[in-house]
There are 2 protein chains.
Amino acid sequence: MGAKLFGAIVERLGQPAVLGELLLGVLLGNLALFGGPSLAALETSETFAILAELGAILLLFEVGLESTPKDMMAVGLPATLVAVVGVVTPMALGYGVDQLLHGQDSWMAHAFVGAMLAATSVGITARVLQGAGSTRTPSARIILGAAVIDDVLGLVVLAIIAGVIKAAAAGAELDAMGIVAIVVKAFAFLFGAIGIGSFLSPRLFRRALAIPSTGVVQALSLSLCFGLAWLAQKAGLAPIVGAFAAGLVLEDVHFEDHVKRGEKPLHESLRPLTALLVPVFFVRMGMLVHVDNFVKPGVIGFAVFLTLAAMAGKWVCGLVVPRGVPRLTVGLGMMPRGEVGLIFAGIGASLMLGGKPIVSSATYVAAVFMVVVTTMATPPLLLWSLKRDDTRAKA
Amino acid sequence: MGAKLFGAIVERLGQPAVLGELLLGVLLGNLALFGGPSLAALETSETFAILAELGAILLLFEVGLESTPKDMMAVGLPATLVAVVGVVTPMALGYGVDQLLHGQDSWMAHAFVGAMLAATSVGITARVLQGAGSTRTPSARIILGAAVIDDVLGLVVLAIIAGVIKAAAAGAELDAMGIVAIVVKAFAFLFGAIGIGSFLSPRLFRRALAIPSTGVVQALSLSLCFGLAWLAQKAGLAPIVGAFAAGLVLEDVHFEDHVKRGEKPLHESLRPLTALLVPVFFVRMGMLVHVDNFVKPGVIGFAVFLTLAAMAGKWVCGLVVPRGVPRLTVGLGMMPRGEVGLIFAGIGASLMLGGKPIVSSATYVAAVFMVVVTTMATPPLLLWSLKRDDTRAKA
């Protein structure tokens, strides 16, 4: 209820509801600083962590559902180029900022910080484009196409870096071959899951027509989601990688015969689950922000440079669009990090290397700062840029 | 998916789906006996236990939603009498069976075994009546009215006995006054929650109209459910008592203005949640059945006598119906225990007294046996009895 309330308040201020949920979490997690009761027991509660993780898995499943493998294949070269530049540049900039300011950490920590800057959360941009009636402009088409590739690239990057860190933490010798093996495994899992899943999913749903009870679509879809999440975990990748692959594979057409005989379509039965569990994830991510870290020397500076790297890294991808497409609009549209950035930061906070989390509690604060600023700054900047495009087109 | 499959198979055999889910659990929990892999890690997993408990809470919330405080007040004297006799008799018989066969246990263990026999699961009966087109007969009206009171009485009994056991386990001196205090607390909580909840609920929903986002009905309803479950736990009662009270209090009319402006009614947003979590509960309850207990001396005998006590205790309540109402039909209709019996048995298995669970692993097996037999026997016996009533009425 608190998440709903805070979400509604920030939505009235023109911001996405997720920022309200995050803010509520920050407030709850830091009550003790203002003389309130400490909720440290909730922060470390296993129940709370499990529910939040289920929320993150269902969220990435939902993100995956928004596109299909066909969409992915149909993305043209310009959007693919934008996506690749928009992943590589912020990663390089993030790596650089972390190496400059946290020189004592290992190169794997720098790489993880870079990875946190990789993935765009296009939902915020899509809503702004929709509100402005601009979803059919060339820049919007490039942004929305790039977002499909961007999600996949971001998860591959996460899978690779987390795999390298886990292998290092387990004491494996990490030569070039070892890293190549992890890269191959990450690609093999994602594209293997998508390939085999696309083949199996329509056949499974056709078989499942033999089960007369209701709720089969929900049961089978969630089994696919949690099944692939579990396989991803077994393969040493993050469970969200599997959940995303499951979402990508599933298409409405697989279960249209079920819907014809009275089943609810998947998005309708998924909504109540995400409505309950996803806010738990965002509130928990907010609670992990210990704001007293902000006054530690160097943290504000690091947060500001990280945010600049995140923004500039995405602006650069506007430079590779075809002639005539507004560069700034594309760069600004790719800017928000939102939920995917938070999920990456949360995973980093729980990945251990040499007895310390790869994302320290100070770096976590800076990452959340980066997510909040890139997300909040997008709607006003993008609207301004869209208006400018409009005026220019008329001129 | 396994629960769906097994549910569909037993439904084809004319049995309620919940028995299939339970059976799947029994199979999974005893795979090792047949040379399969042991799933002991799943059985003791905290994640699995948490999800199952959420399932039980949502299930009792749904049971509570089926009636309103007004329905409760409107139940006539005959149905109330049937409910009271149908709770007291099986409790007394269950107490007696446990005292005879487990004489070494404390009187509190006997009382808990009695309590496990108290509550009817009227859902199974309701489905049989519906199928036979007999929901408007006098016997059906008495059964469905009695079920409303029966649920409340069963939960009060559970609250009292669990309260006494917890107090004893904490080392409290249990004189008559102490027990009276617990009885008063149980009644005060349930009727206090219903009274205050009925006053607050329509006002809260009216206030919540100010929040423009979707999902307010779901968020507020689940907050009420989990809030009262938490309060019940704080008051030393089982969380399901609070969840049931929340369901009882909530009425569709409280949020009709929300539904008018496009929100989903509660039952639609609750269904996907229960579809995911309730089978987890039933499968887990099945996994806790260690069938090798059955070959221990005395367990089969205890299970059979417990089941007879459960059946006979409910048949007796057919004797107090007004003249002209078919006695046997009412007695048979009150017979199934289903989910509520399982929840009680599960709570007993986790309540500790003197270092041992109040429901031992052998007694748990017998309780599940009792639930399965009373549930499976109801549809055929009730159908036969309804046909007999029909023939007699025509004669």
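Preceding this section is the structure that the text describes.
So, a few notes on the structure that sits alongside this text. Note that this is a predicted model, so its numbers are computed, not measured.

Cut-offs used in this document
- Residues numbered from 1 in each chain as written.
- Chains lettered and ligands numbered in written order.
- Predicted model: local features only at pLDDT ≥ 70, side-chain atom pairs only at ≥ 80, totals over all residues.
- Heavy atoms only, no water.
- Helix = DSSP H or I, 4+ residues; strand = E, 2+ residues; numbered from the N terminus.
- Rg over C-alpha atoms; globule rule 2.2 N^0.38 Å.
- Buried < 20%, exposed > 50% of the residue type's maximum accessible area, 1.4 Å probe, protein only.
- Lys, Arg positive; Asp, Glu negative; His and termini not counted.
- Charge placed at Lys NZ, Arg CZ, Asp CG, Glu CD.
- Contact = heavy atoms within 4.5 Å.
- Buried area = accessible area lost by both parts, 1.4 Å probe.
- Salt bridge = Lys/Arg side-chain N within 4 Å of Asp/Glu carboxyl O.
- Polar contact = N/O pair within 3.5 Å; in protein donor to acceptor, adjacent residues only side chain to side chain.
- Core = buried A, V, L, I, M, F, W, Y, C linked by side-chain atoms within 4.5 Å.
- Axes fitted to C-alpha atoms, helices over the stretch in contact; angles between N-to-C directions.
- Parallel < 35°, antiparallel > 145°, perpendicular 65-115°, else oblique.
- Left-handed = near helix turned anticlockwise from the far one by under 90°.
- Nonpolar A, V, L, I, M, F, W, Y, C, P; charged D, E, K, R; others polar.
- Phe/Tyr/Trp six-rings, centres within 6.5 Å; stacked < 30°, edge-to-face > 60°.
- Lys NZ or Arg CZ within 6 Å of the ring centre and 35° of its normal.
- Least-squares fit on C-alpha atoms with pLDDT ≥ 70 in both.
- Patch = residues over 30% accessible without salt bridge, like charges linked within 9 Å, V, L, I, M, F, W, Y side chains within 5 Å.
- Areas by Shrake-Rupley, 256 points an atom, 1.4 Å probe, with all protein chains shown as cover.

With that settled, consider the overall build of chain A. Across its full length, chain A carries 18 helices and two strands. Relative to the compact-globule value of 21 Å for 395 residues, chain A shows a C-alpha radius of gyration of 21 Å, a close match. Counting only C-alpha atoms, chain A reaches 65 × 60 × 50 Å along its principal axes. When the 395 residues of chain A are sorted by exposure, 55% land in the buried category. Side chains of chain A carry 27 positive and 24 negative charges; the gap between the two charge centres is 6 Å.

So, on to the interface of chain B and chain A. Taken residue by residue, the interface counts 30 residues in chain B and 30 residues in chain A. For the pairing of chain B and chain A, the buried interface totals around 2400 Å² over both sides, and the portion due to carbon and sulfur atoms is 73%. The largest contributions to the chain B side of the interface with chain A come from Met1(B), Lys4(B) and Pro272(B), which together make up 23% of the buried area. Seen at the junction of chain B and chain A, the total is zero salt bridges. Run the count over chain B and chain A and you get four residue pairs in polar contact (both at pLDDT 80 or more). Every element with two or more residues in the side of chain B that touches chain A is listed here: helix H1 (2-12), helix H4 (46-65), helix H11 (216-234) and helix H14 (266-287) of chain B.

Take the nonpolar core next. One finds Phe112(A), Ile240(A), Phe112(B) and Ile240(B) to be the most contacted residues of the largest nonpolar core, which totals 253 residues. Apart from the residues lying within four places of it in its own chain, the contact partners of Phe112(A) are Leu158(A), Ile161(A), Ile165(A), Phe344(A), Ile347(A), Gly348(A), Leu351(A), Ile358(A) and Val359(A).

All names here are of chain A. Counting through the fold element by element, Thr 375 comes out in helix H18 (residues 361-394). Filtering out sequence-adjacent residues up to four positions away, Thr 375 remains in contact with Gln 15, Pro 16, Leu 19, Ile 124, Pro 336, Arg 337 and Gly 338. Among the polar contacts made by the side chain of Thr 375, one reaches the main-chain carbonyl oxygen of Val 371 at a distance of 2.6 Å.

All names here are of chain A. Running from amino to carboxyl end, helix H7 (residues 107-116) crosses helix H9 (residues 138-169) at an angle of 160 degrees, the nearest separation of the two axes being 10 Å. Overall, the two elements H7 and H9 adopt an arrangement that is roughly antiparallel. Considering the relative orientation of H7 and H9, their crossing is left-handed. Contact residues: H7 offers Trp 107, Met 108, Ala 111, Phe 112 and Ala 115, while H9 offers Val 157, Leu 158, Ile 161, Val 164, Ile 165 and Ala 168. Split into classes, the residues belonging to the contact of H7 with H9 amount to eleven nonpolar, no polar and no charged.

Further remarks concern helix H7 (residues 107-116) of chain B. Residue and element names in this part refer to chain B. H7 sits mainly inside the fold: nine of its ten residues count as buried. Among all positions of H7, only Met 108, Ala 109, His 110, Ala 111, Phe 112, Val 113, Gly 114, Ala 115 and Met 116 are buried. Each element contacted by the buried residues of H7 is listed here: helix H6 (77-101), helix H9 (138-169), helix H15 (299-316), helix H17 (338-350), strand S1 (352-353) and helix H18 (361-394). Two or three places before Met 108, at the start of H7, stands the capping residue Ser 106, its side-chain oxygen 3.0 Å from that residue's backbone nitrogen.

All names here are of chain B. The final tally for this structure, using the stated rule, is eleven salt bridges over all chains. Where Glu 268 meets Lys 264, a salt bridge forms, and the shortest distance between an N and an O atom there is 4.0 Å. The class of Glu 268 is partly exposed, set by a relative accessible area of 26%. Residue Lys 264 is classed as partly exposed on the basis of its relative accessible area, which comes to 38%.

Going through the model one piece at a time under the given rule, you end up with eight aromatic pairs over all chains. Between Phe205(A) and Phe255(A) the ring centres are 5.5 Å apart and the planes differ by 55 degrees, which places this aromatic pair in the tilted class. Taken together, the positions of Phe205(A) in helix H10 (residues 176-208) and Phe255(A) in the loop between helix H12 (239-249) and helix H13 (256-260) put the pair 50 residues apart, joining distant regions of the chain. Across this residue pair, the class does not change: Phe205(A) and Phe255(A) are buried. Geometry around Phe199(B) places Arg203(B) over its ring, the cationic atom sitting 4.0 Å from the centre.

So, on to the side chain of His102(A). Along the chain, His102(A) turns up in the loop between helix H6 (77-101) and H7. For His102(A), the contacting residues outside a window of four places in its chain are Val97(A), His110(A), Phe302(A) and Thr363(A).

Quick look at the relation of the copies chain B and chain A now. Superposition record for chain B on chain A: RMSD 0.0 Å, screw rotation 180 degrees, translation along axis 0.0 Å. Taken together, these values place the two copies in the relation of a two-fold axis. Judged by C-alpha distance, Leu273(B) is the residue of chain B that lies nearest the rotation axis, at 3.0 Å. A shared interface surface links the copies, since 100% of the contact residues of chain B are contact residues in chain A too.

A few words on a nonpolar patch on the surface. Residues and elements named next belong to chain A. Together, Leu 100, Leu 101, Ile 300, Val 304, Phe 305 and Leu 308 make up a nonpolar patch on the protein surface, roughly 590 Å² of accessible area in all. Broken down by secondary-structure element, the contributors of at least two residues to the nonpolar patch are H6 and helix H15 (299-316). The dominant element in the nonpolar patch, judged by the number of residues it contributes, is H15, at four residues. Tracing the chain through its elements places Val 304 in helix H15.

Turning our attention to the packing of H11(B) against H14(B). Residues and elements named next belong to chain B. One way to put it is that H11 packs onto H14 with a least axis distance of 9 Å and a crossing angle of 70 degrees. With respect to H14, the element H11 is oriented roughly perpendicular. Relative to H14, H11 is oriented so that their crossing is right-handed. Along its contact with H11, which presents Val 217, Gln 218, Ser 221 and Leu 222, the element H14 presents Leu 266, Ser 269, Leu 270 and Leu 273. Its residues assigned to classes, the contact of H11 with H14 shows five nonpolar, three polar and no charged.

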